[in-house]
Amino acid sequence: MDKKNALRAGSLAAGTTLMMLLMSSPALALTRDDGDDPAPKLSVIETIGLFVAAPLVLFLVITGLVMVLDKSKKA
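Residues numbered from 1 in each chain as written. Predicted model: local features only at pLDDT ≥ 70, side-chain atom pairs only at ≥ 80, totals over all residues. Heavy atoms only, no water.

A. Quick look at the overall build of the protein. Per the secondary structure count, the protein includes 2 helices and 0 strands. Going through the 75 residues of the protein one by one, you find that 0% of them count as buried. Surface exposure of the protein reaches about 7,600 Å², of which carbon and sulfur atoms provide 72%. (Helix = DSSP H or I, 4+ residues; strand = E, 2+ residues; numbered from the N terminus. Buried < 20%, exposed > 50% of the residue type's maximum accessible area, 1.4 Å probe, protein only. Areas by Shrake-Rupley, 256 points an atom, 1.4 Å probe, with all protein chains shown as cover.)

Written as structure tokens, this is what we have:
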């Protein structure tokens, strides 16, 4: 019975993944829509700063605030 449930779950996951891949076809992205205005390209430094450094700084600020404002008593 356990193998039957695993097979059913696997086939459901595979079918769902296949349908999602078929429904999100990139062919629709070939034509430009009215109002499309692509932004200027980012340099490598800007990209690293925006997607790596900024989240790390935000994480460190939140961590620091939690540690400083912690009200629990120390043992």
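Still to come is the rest of the account.
B. Layout of a nonpolar patch on the surface. Judged by side-chain polarity, L42, V44, I48, L50, F51, V52 and L56 come together as a nonpolar surface patch covering roughly 700 Å² of accessible area. If you trace the backbone, F51 turns up in helix α2 (residues 44-68). On the accessibility criterion, F51 (58% relative accessible area) is exposed. (Patch = residues over 30% accessible without salt bridge, like charges linked within 9 Å, V, L, I, M, F, W, Y side chains within 5 Å. Salt bridge = Lys/Arg side-chain N within 4 Å of Asp/Glu carboxyl O.)

C. Spatial organisation of α2. Here α2 is 25 residues long and its end C-alpha atoms lie 35 Å apart, about the 36 Å a rise of 1.5 Å per residue gives. At L50, α2 shows its strongest bend, of approximately 35 degrees. (Expected span 1.5 Å × (residues − 1). Bend = angle between axes of the 7 residues up to and from the residue.)

None of the figures reported here should be taken as evidence of function without further support.
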